[in-house]
Amino acid sequence: MPRIRTRVRPDAEAPVLIDGDAHRYENRLLLVLFLAFGFVFFDRQALPFLAPYIGKDFHLSNTELGTLSGVLALTWALSGLVAGRLSDKLGRRKPILIAAVVLFSCFSAAGGLMTGFLGLLFARALMGVAEGAVLPLAQSLMVEASRESRRGLNMGLLQGSSAGLMGGILAPLVVVWVAEAHGWRTALLVTIVPGLLIAAWIAKAVREVPPGGRVQAVADGGEGGPDAAVGPKPSVREVLRHRNIVLCMAVACCFLTWFIVIITFTPSYLLNVKGFSPSTMSGVMTCLGVGWVLWGFLTPAVSDRIGRKPTMIAFSATAALCPLAMVYVSDPVLLGVAVVLTYTGLGCFTLFMATIPAETVPRGALATALGLVMGVGELAGGFLAPVIAGRASDAWGLQTAMFMSAGGAVVVAVLSLGLRETAPRVLRRRARRTAATLGPDALVAGAAE
């Protein structure tokens with residue numbers, strides 16, 4: 001007889017009984033989606049690391065490099081907006097996710113066949129169309145299968161640590177090594193193989209509805225309210241009435257500016273301005289990946305305990321120091337240490353792109369909200385920011401991009417002051433303190449009002 005465990009939904013009046021299959025599925029789903037989204041960022045990160053090699057064939061300027069990064073972000077944004085809304089309307093995510101993984105793997109490999117800037121631009125645009133659908137679909141699947149006590153950690157591992165491990169640590173090591181040994185075209189062509197394997201695993205292992213049913217992620221007392229899981233699916237306009245969603249969209253614009261600018265221009269900055277060797281540059285970029293993985297799961301886990309809002313403020317302010325370290329720290333070893341300690345922003349991405357929206361809107365609008373936050377952020381921070389940073393770097397030097405990146409993180413810290421807290425543990429702690437201060441009768445009277 002299977003072992004029975006109890007999980008309490010934040011919006012439910014009674015415990016929901018689930019068996020051990022739900023917990024095993026939660027862990028299996030986390031592993032599958034960890035690899036899927038991690039490989040998305042492996043492919044996305046490949047271009048900046050290959051830019052010095054591609055530049056020898058295509059003679060890329062900083063503006064063109066920024067455009068290659070920006071066009072992927074543009075199509076990624078539009079795809080995320082459409083895929084999130086489409087999956088909410090159809091009630092199906094798995095088939096769209098499988099198609100997206102297959103297509104982005106094919107388009108990534110196609111980049112290795114291109115013979116000029118325009119061809120590579122076209123391949124990157126198509127790759128963004130496919131990749132943009134992956135994150136909102138993966139997040140909505142994961143949040144519905146996650147226990148409340150694991151929600152922040154699961155989302156951090158899915159979005160932050162996976163991208164950091166595969167896009168931040170493995171990508172610079174593997175891509176630079178293959179490019180040195182066999183050329184940059186081969187480095188892009190081989191990316192099709194793991195993508196197809198991951199798509200096959202998704203088809204076999206992922207379920208549309210997890211064992212034990214979906215878990216509503218709206219926080220008790222949060223903006224979504226206890227009855228947010230029922231009733232008709234909200235429209236986009238209704239989703240935008242939530243202050244947290246609007247603020248998360250603004251945060252996404254600025255934090256993606258921080259992120260996309262630093263990962264796009266740092267390899268060229270270290271090689272061409274700092275004078276580092278390719279191996280030293282690869283080592284520093286790997287340190288970015290180490291910080292990415294470390295803070296990718298630590299930051300959301302900390303937010304489960306101290307709250308989403310204070311975590312966003314503190315860790316985004318720290319993240320502003322990372323691009324400044326690129327400019328002012330000359331020793332590669334010290335720079336690597338500084339990068340690991342200050343590359344804290346990717347953990348915040350999980351919060352404003354997934355956890356806070358999931359705890360704010362009802363389940364029927366979850367993929368729509370995630371797609372809106374990601375899509376608007378990618379349009380401004382992912383598409384426009386690298387293009388502007390590239391033109392500014394051509395005019396005033398590559399250090400301009402680093403200062404622009406730091407400014408984005410500073411604005412995020414300011415915007416985070418306006419967020420409403422959604423962490424269930426923190427809200428319950430506040431309710432207990434209020435009950436101890438006012439007494440239960442006052443709470444009952446307040447609820448009646």
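Reference entry: report on the structure contained in this document. (Residues numbered from 1 in each chain as written. Predicted model: local features only at pLDDT ≥ 70, side-chain atom pairs only at ≥ 80, totals over all residues. Heavy atoms only, no water.)

## Re the pattern of salt bridges
Summed over the entire model, instances satisfying the criterion amount to six salt bridges. Here R24 makes a salt bridge to D21, at a shortest N to O gap of 2.2 Å. One end of the pair is R24 and the other is D21, both in helix α1 (residues 20–58) and three residues apart, which spans about a single turn. Classification of D21 by relative accessible area gives partly exposed; the value is 35%. A salt bridge links E359 to R308; the nearest nitrogen and oxygen atoms lie 2.5 Å apart. Taken together, the positions of E359 in the loop between α15 (345–358) and α16 (366–396) and R308 in helix α12 (residues 308–319) put the pair 51 residues apart, joining distant regions of the chain. Each member of the pair, E359 as well as R308, carries the same accessibility label: buried. (Salt bridge = Lys/Arg side-chain N within 4 Å of Asp/Glu carboxyl O. Helix = DSSP H or I, 4+ residues; strand = E, 2+ residues; numbered from the N terminus. Buried < 20%, exposed > 50% of the residue type's maximum accessible area, 1.4 Å probe, protein only.)

## Comments concerning the packing of aromatic side chains
Inspection of every chain in the model, using the stated rule, returns 17 aromatic pairs. Each ring, one from F39 and one from F104, has its centre 6.2 Å from the other, and the planes form 35 degrees; the classification is tilted. Remark: F104 occurs in helix α3 (residues 94–110) and F39 occurs in helix α1; sequence separation between them is 65 residues. Classification of F39 as buried rests on a relative accessible area of 4%. Given the relative accessible area of 0%, F104 is considered buried. On the basis of an interplanar angle of 75 degrees and a centroid distance of 5.3 Å, the ring pair of F259 and W292 is categorised as edge-to-face. In this pair, F259 is assigned in helix α10 (residues 243–273) and W292 in helix α11 (residues 278–306), connecting sequence segments 33 residues apart. One aromatic cluster is present, formed by F37, F41, W76, F255, W258, F259, W292, Y343, F349 and F352 through successive ring pairs. (Phe/Tyr/Trp six-rings, centres within 6.5 Å; stacked < 30°, edge-to-face > 60°.)

## Examining the environment of G132
Residue placement: G132 occurs in the loop between α4 (117–131) and α5 (134–145). Residue contacts for G132: discarding those within four places in its chain leaves W76, S79, G80 and M374. (Contact = heavy atoms within 4.5 Å.)

## Some points on the nonpolar core
Counting residues in hydrophobic clusters, the biggest one holds 127 residues, and the most contacted among them are L50, F255, F259, Y343 and F352. Once you skip the residues sitting within four places of it in the chain, F259 turns out to touch F41, W292, Y343, L346 and F349. (Core = buried A, V, L, I, M, F, W, Y, C linked by side-chain atoms within 4.5 Å.)

## A look at helix α13 (residues 321–328)
Among the residues of α13, those classed as buried are C322, P323, A325, M326 and V327. Where α13 is buried, its residues contact α10, α11, α12, α14 (332–342) and α17 (399–415).

## Regarding α5
Over its twelve residues, α5 extends 17 Å from the first C-alpha to the last, a length consistent with the 16 Å expected when each residue adds 1.5 Å. Within α5, twelve of the twelve residues are buried, which leaves the element mostly enclosed by the surrounding structure. Looking only at α5, the buried set comprises V134, L135, P136, L137, A138, Q139, S140, L141, M142, V143, E144 and A145. (Expected span 1.5 Å × (residues − 1).)

## Examining the packing of α13 against α17
The interhelical angle for the contact between α13 and α17, taken along N-to-C directions, is 155 degrees, at an axis separation of 7 Å. Classified by the interaxial angle, the pair formed by α13 and α17 is roughly antiparallel. Of the two elements, α13 crosses α17, and the hand of that crossing is left-handed. Residue-level contacts link P323, L324, M326, V327 and Y328 of α13 to Q399, M402, F403, S405 and A406 of α17. By residue class, the composition of the contact of α13 with α17 is eight nonpolar, two polar and no charged. (Axes fitted to C-alpha atoms, helices over the stretch in contact; angles between N-to-C directions. Parallel < 35°, antiparallel > 145°, perpendicular 65-115°, else oblique. Left-handed = near helix turned anticlockwise from the far one by under 90°. Nonpolar A, V, L, I, M, F, W, Y, C, P; charged D, E, K, R; others polar.)

## Focus: the side chain of E26
Structurally, E26 can be placed in helix α1. Note on E26: relative accessible area 0%, which makes it buried. Residues within four places of E26 in sequence aside, it is in contact with M142, A145, S146, R147, R150 and N154.

## Looking at the packing of α13 against α14
For the pair α13 and α14, the least separation of the axes is 9 Å and the interaxial angle reads 170 degrees. With respect to each other, α13 and α14 are oriented roughly antiparallel. Contacts between α13 and α14 pair L321, C322, A325 and M326 from the former with L335, A338, V339 and T342 from the latter. Taken together, the residues of the contact of α13 with α14 break down into seven nonpolar, one polar and no charged.

These figures capture arrangement, not role.
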